[in-house]
Each structure stands twice: as structure tokens, then as C-alpha cells.
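Topology and contacts: notes
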Amino acid sequence: MKKVVKFGGSSLASAEQFQKVGSIIRAEENVRRYVVPSAPGKRFDGDTKVTDMLYDCYETAVKGTDFAEKLEKIKERYNEIIWGLKLSLSLDGEFEKIRELFAQGVGSDYAASRGEYLNGIIMANYLGYEFIDAAEVIFFDANGEFDAEKTNKILSAKLRKIEKAVIPGFYGSLPGGQIKTFSRGGSDITGSIVARAAKADLYENWTDVSGFLVTDPRIVKNPEPIETITYRELRELAYMGASVLHDEAIFPVRSEGIPINIRNTNDPSAPGTMIVENTCKKPKYTITGIAGKKGFAAINIEKDRMNSMIGFGRRVLSVLEDNKISFEHVPSGIDTMSVFVHQSEFEAKEQKVLAGLRRELKPDYMDLDSDLALIAVVGRGMRATRGTAGRIFSALAHANINIRMIDQGSSEMDIIIGVANSDFENAIRAIYDIFVIAQL
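Residues numbered from 1 in each chain as written. Predicted model: local features only at pLDDT ≥ 70, side-chain atom pairs only at ≥ 80, totals over all residues. Heavy atoms only, no water.

Together, K158, R160, K161 and K199 line one region of the surface with positive charge. Relative to the helices and strands, K199 is located in the loop between α7 (187-198) and β7 (202-207). On the basis of relative accessibility, which here comes to 57%, the residue K199 falls in the exposed class. (Patch = residues over 30% accessible without salt bridge, like charges linked within 9 Å, V, L, I, M, F, W, Y side chains within 5 Å. Areas by Shrake-Rupley, 256 points an atom, 1.4 Å probe, with all protein chains shown as cover. Salt bridge = Lys/Arg side-chain N within 4 Å of Asp/Glu carboxyl O. Lys, Arg positive; Asp, Glu negative; His and termini not counted. Charge placed at Lys NZ, Arg CZ, Asp CG, Glu CD. Helix = DSSP H or I, 4+ residues; strand = E, 2+ residues; numbered from the N terminus. Buried < 20%, exposed > 50% of the residue type's maximum accessible area, 1.4 Å probe, protein only.)

Structure, rendered in C-alpha cells:
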């Protein structure tokens, strides 16, 4: 058994959190062999993440203002961890190099990456593992795109020679050696890349929650946890706003069939959520999860005999493309077609788009709906359960919520529902109650 373990910023925010992480790793030291740390996160409400401190410090340096005090505060954060762990380690040399490069305007990617880099040095020293600078094994091409094959080839060869190692998350290097970061939360991606290269049996992603929940706990109090979820289900929920794992962290491990286990550093006995390619395991509920977003508008187009007009849909979408507007969903009937777009993106160009559609299509009727929300109800169990859509309609009708749109994918694994923004939270609660509370 071989595991790659990634720890988030809240898991490494202090010496006390480091000690929890150390206990987790040492509980399976011969299995948890490759560790990917994030930068220190918030220690308490109102605290500042080290990555944000680094961005702020670098911006001050670029302006030509004295940044010594801000850099010293960052150094103090790391020294608190070092002293709390009773390590004989000094980062003075590293901070002197950072000071020099900040003054030279080395770049914000370099600045941000130092959070993970320095935490990686501490973690390797604390565990007695070898430290591997991610810049030496994770690569981006000249266009700034992640170079998956070069990375996998070089990183795989490196890990074959090393029994246990710490590889910092979030960054790699460009062809010229400059530091390049992933988007925020990119340490999840690094963990996935390392898991692929190590041919791991499992990628454990440790954070401050015990896996995925059926829905947003800010809307439904204490929602049930999800025991097992497939990659496809996760993609659907993540697309609609559910966020525990970075979207792009799925692809490297999925290509190798490596499952992901989301775990809680503060509750290591909890099994968390397993993310798998496929499973025979029946879901606990008909649905796996509910997620959604507010802030959509719908362009509703009617034209007699639309269904017989070749290229009609393409012409609608080409008008949006010409105005650089993306679309979310396109439910349609025989003579009707609706296009859902992000309202904030659409409003500034709405008259131009409507004029373009009028010229291109000559519709019989066209109108707009605004202030809409989209809710995704996702679950592999839906395919084998009759009446799922009917139960959703019944639950929403009982809650006096008007459905403005419904769209079901051909996979029968997700149903998208459109409601008014003002009904968003109540709609999620109603759907949760009918599928989860009613089955408890």
C-alpha cells in the first residue's frame, strides 16, 4: 500500500496543527510516504493566511515601499511553528533570499509560492523525510500551461529513488526556471500529480471538514455526509459550486484510476468521503448531493417551426460567442428555446445581444427572465429510481416554489432546476428534506 497525503492550510496553520499532522502520518508511516503541504492558513477567525501576507508584502516591495516589517511578520509565523515543534532549523538564509528577490521584482507567482516552499522545508525537517523542491519536478510550458507528461516522467523517476519525501504544493517552474503557480487552492492539484507519478494506491486529501456533505451547511443545518461519490458526480456538483477539492485535482488521479479520500485533520477517526471512478456500492440516498448558484438570466426565444430550421441553435449561440458571453444551459421545445447566461456578464451587453438575435433569427417573440438560480440534483442512484423528477416537483410545489426551468442530462445522473433567486435556499431545503430527511 502506498499513499500520497496532502494537507491544507488550516491543517498546517500552527505547531499544534503540525503535531496532529505528524501523528496522522506516523500512524501509517510506511504507507503515507509522500507528503504535499499547503502554506499555513488561518489560526483563528480574523487571522490572515500566509499566502495573502506574501502577496501583500510583494505588492509593497514592487511599489518601492519598505516591506521589511511585513516580511518579518511572515518570518515570525514560520518561527512560531519551528519553535513550537522544537526543531533546530533556521530559515534566515531563505528569508534573506526572498528579501533580495522581492526587491528585484521577481514576480507575484514566486512570492505566493514561498508559503508552500517554506512549509515544505519545515515539514521535511519535522518528519525526517527528504525535501523535493516542486520547481525541480513540476513543469509548465512556455504558454504557462501545465506540462503533464514531462512532469510525470521526471517526477516518477525521482520518486522511484526516494522512499519518503515532502513535495510542496501549488507551484512548479516554466522552461526558463521561473516559478509558476496553479490557481488558488492548487496544492490539491500537486497532490494529485504526485499520486499519479508515485502510482499511489490512494490519494488522501486532509482538510478541516470530514469529507463532502450532501448540501451546503450554510443552507441546511448539519447535512448528512457523503460516504462515496464518483468522479462524474463530483464534477457535476463542483461545477454548480460545491467546493472542498480543487476542480483540476481530479484529472491526474482519474487517468490512473487512483481513488481520493477526503479526510479531516481534526477528526482523523472519521472515514471521510471516498471519490472513485465507479462503484457497485449502493448510495445511502437516491441522490448523492445538491448544489447550486444564483445570478442567472434566461433569454427566451419563440419561432414557429423552429425545429425544422437547420442551424437555428448554432446561430443563437454564435450571437453570444460574438459578444464573448458563455452559456450555461439551453432547454428547448418544438418552437421555443431558452438560453441561460450569467446575469452579471450579460447585463452590460444585453441590448447588443438582443439586437443581434433579432437580426439573425427574426423570432416571433423574445423576452428575458432575470434573477434566477440554478440547482443541480445529482446522484448515480437516480438512474435506478423511478419518479425522482416527480418527487422534486412535489417537494417544490409543497414549498410554494415555482419551477422556471428543468433540464435532465442523458446520463440520468443529474437534474438541473431553475428557480427565482429568492427561492434558492428554500428550494434546496425542500429537495434535501424529501430525499434525505424523509429517508432517515
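This next bit is on unusual backbone geometry. Not every positive phi belongs to a glycine, and R305 is a case in point at roughly 60 degrees. As for its placement among the helices and strands, R305 is situated in the loop between β11 (289-302) and α10 (312-322). Even without a glycine there, the phi angle at N400 is positive, about 60 degrees. As for its placement among the helices and strands, N400 is situated in the loop between α13 (388-398) and β15 (405-408).

If a probe as big as a water molecule is rolled over the atoms, it shows which places are left empty. Under the definition given, this model contains one cavity of 30 Å³ or more. A volume near 130 Å³ is recorded for the largest cavity. Around the largest cavity, the lining comprises 13 residues; the ones closest to its centre are I226, E227, T228, P283 and K284. Here the lining of the largest cavity is built from residues that sort into six nonpolar, two polar and five charged. (1 Å grid on protein atoms, 1.4 Å probe; cavity = no way out; pocket = protein on both sides within 12 Å on 5 of 7 lines; lining within 4 Å. Points joined across faces, edges and corners; volume = space filled by probe spheres on them. Nonpolar A, V, L, I, M, F, W, Y, C, P; charged D, E, K, R; others polar.)

Here the focus is the pattern of salt bridges. Two side chains of opposite charge can pair, provided their charged atoms sit close to one another. Applying the stated rule across the entire model yields 24 salt bridges. Between E163 and R33 there is a salt bridge, and its shortest N-O distance comes to 3.7 Å. With E163 in the loop between α6 (148-160) and β4 (165-166) and R33 in strand β2 (residues 32-37), this residue pair connects regions lying 130 residues apart in the sequence. With its nearest N and O atoms 3.6 Å apart, the salt bridge here joins E204 to R263. Residue E204 is found in strand β7, and its partner R263 is found in strand β9 (residues 260-264); the two are separated by 59 residues along the sequence. Several salt bridges share partner residues, and in doing so they unite K3, E28, R32, E204 and R263 into one network.

On to the pairing of β9. For β9, the buried fraction is high: five of the five residues fall into the buried class. Judged by which residues are buried, β9 turns out to be covered on both faces: I260, I262 and N264 on one side and N261 and R263 on the other are all buried. Where β7 lies against β9, five bridges are found, and the strand directions are parallel. Of the residues in β9, the one forming a bridge with E204 is N261. In this structure, β9 lies alongside strand β10 (residues 273-276), joined through three bridges in antiparallel fashion. (Pairing = 2+ DSSP bridges.)

Turning to the layout of surface pockets, a few remarks are in order. Each pocket or cavity is described by its volume, and for the largest pocket that value is around 740 Å³. At the level of secondary structure, the elements contributing two or more residues to the lining of the largest pocket comprise α2 (50-62), α7 and β7. Partitioned by chemical class, the residues of the lining of the largest pocket number nine nonpolar, 14 polar and eight charged. Its volume calculated, the second largest pocket comes out at about 470 Å³. Around the second largest pocket, the lining is made up of 22 residues, and of these T215, D216, P217, A242 and S243 lie nearest the centre. Within the residue set of the lining of the second largest pocket, elements represented by two or more residues are β11 and α14 (424-435). Sorting elements by how many residues they give to the lining of the second largest pocket places β11 first, with three residues.

Okay, the side chain of N300 next. On the secondary structure map, N300 appears in strand β11. Judged by its relative accessible area of 16%, N300 is buried. Looking at N300, its side chain comes within polar contact range of the side chain of S338, at 2.7 Å. Sequence-distant contacts of N300, that is, excluding residues within four places in its chain, are made with M337, S338, Y365, M366, D367, L368 and D369. (Polar contact = N/O pair within 3.5 Å; in protein donor to acceptor, adjacent residues only side chain to side chain. Contact = heavy atoms within 4.5 Å.)

Their axes nearest at 11 Å, the elements helix α3 (residues 68-84) and helix α4 (residues 92-103) cross at an angle of 155 degrees. Here α3 is positioned roughly antiparallel relative to α4, judged by the angle of their axes. In the packing of α3 onto α4, the handedness of the crossing is right-handed. Of the residues in α4, those touching α3 at L71, I74, K75 and Y78 are D92, F95, I98 and R99. (Axes fitted to C-alpha atoms, helices over the stretch in contact; angles between N-to-C directions. Parallel < 35°, antiparallel > 145°, perpendicular 65-115°, else oblique. Left-handed = near helix turned anticlockwise from the far one by under 90°.)

As a further point, take the pairing of strand β13 (residues 336-342). On any regular strand, side chains alternate: one points to one face of the sheet, the next to the other face. Burial analysis of β13 places five of its seven residues in the buried class, the great majority of the element. Relative to β13, β11 is paired through seven bridges, and the arrangement is antiparallel. Note that in β13 the partner of E302 across the bridge is T336. By the bridge criterion, two bridges tie strand β12 (residues 327-329) to β13 in an arrangement that is antiparallel. Across the sheet, H329 pairs through a bridge with F340, a residue of β13. Here β12 hands over to β13 after six residues, the two strands then running antiparallel side by side.

Read across the sheet, six strands follow the order β12-β13-β11-β14-β16-β15 without closing on themselves; strand pairing throughout is antiparallel. Here the strands that pair on one side only, and so sit at the sheet edges, are β12 and β15. When strand polarity is set aside, the average angle formed by the axes of neighbouring strands in this sheet is 40 degrees. Lying over the sheet, α13 contacts β14 (365-378), β15 and β16 (414-420), oriented at roughly 20 degrees with respect to β16.

The next subject is the environment of V244. Within the secondary structure, V244 is located in the loop between α8 (231-239) and α9 (250-254). Residues V244 and P175 lie 69 residues apart in sequence; the distance between their C-alpha atoms is 31 Å. Those residues within four positions of V244 in sequence are excluded, and the remaining contacts are D188, T207, V209, G211, F212 and I262.

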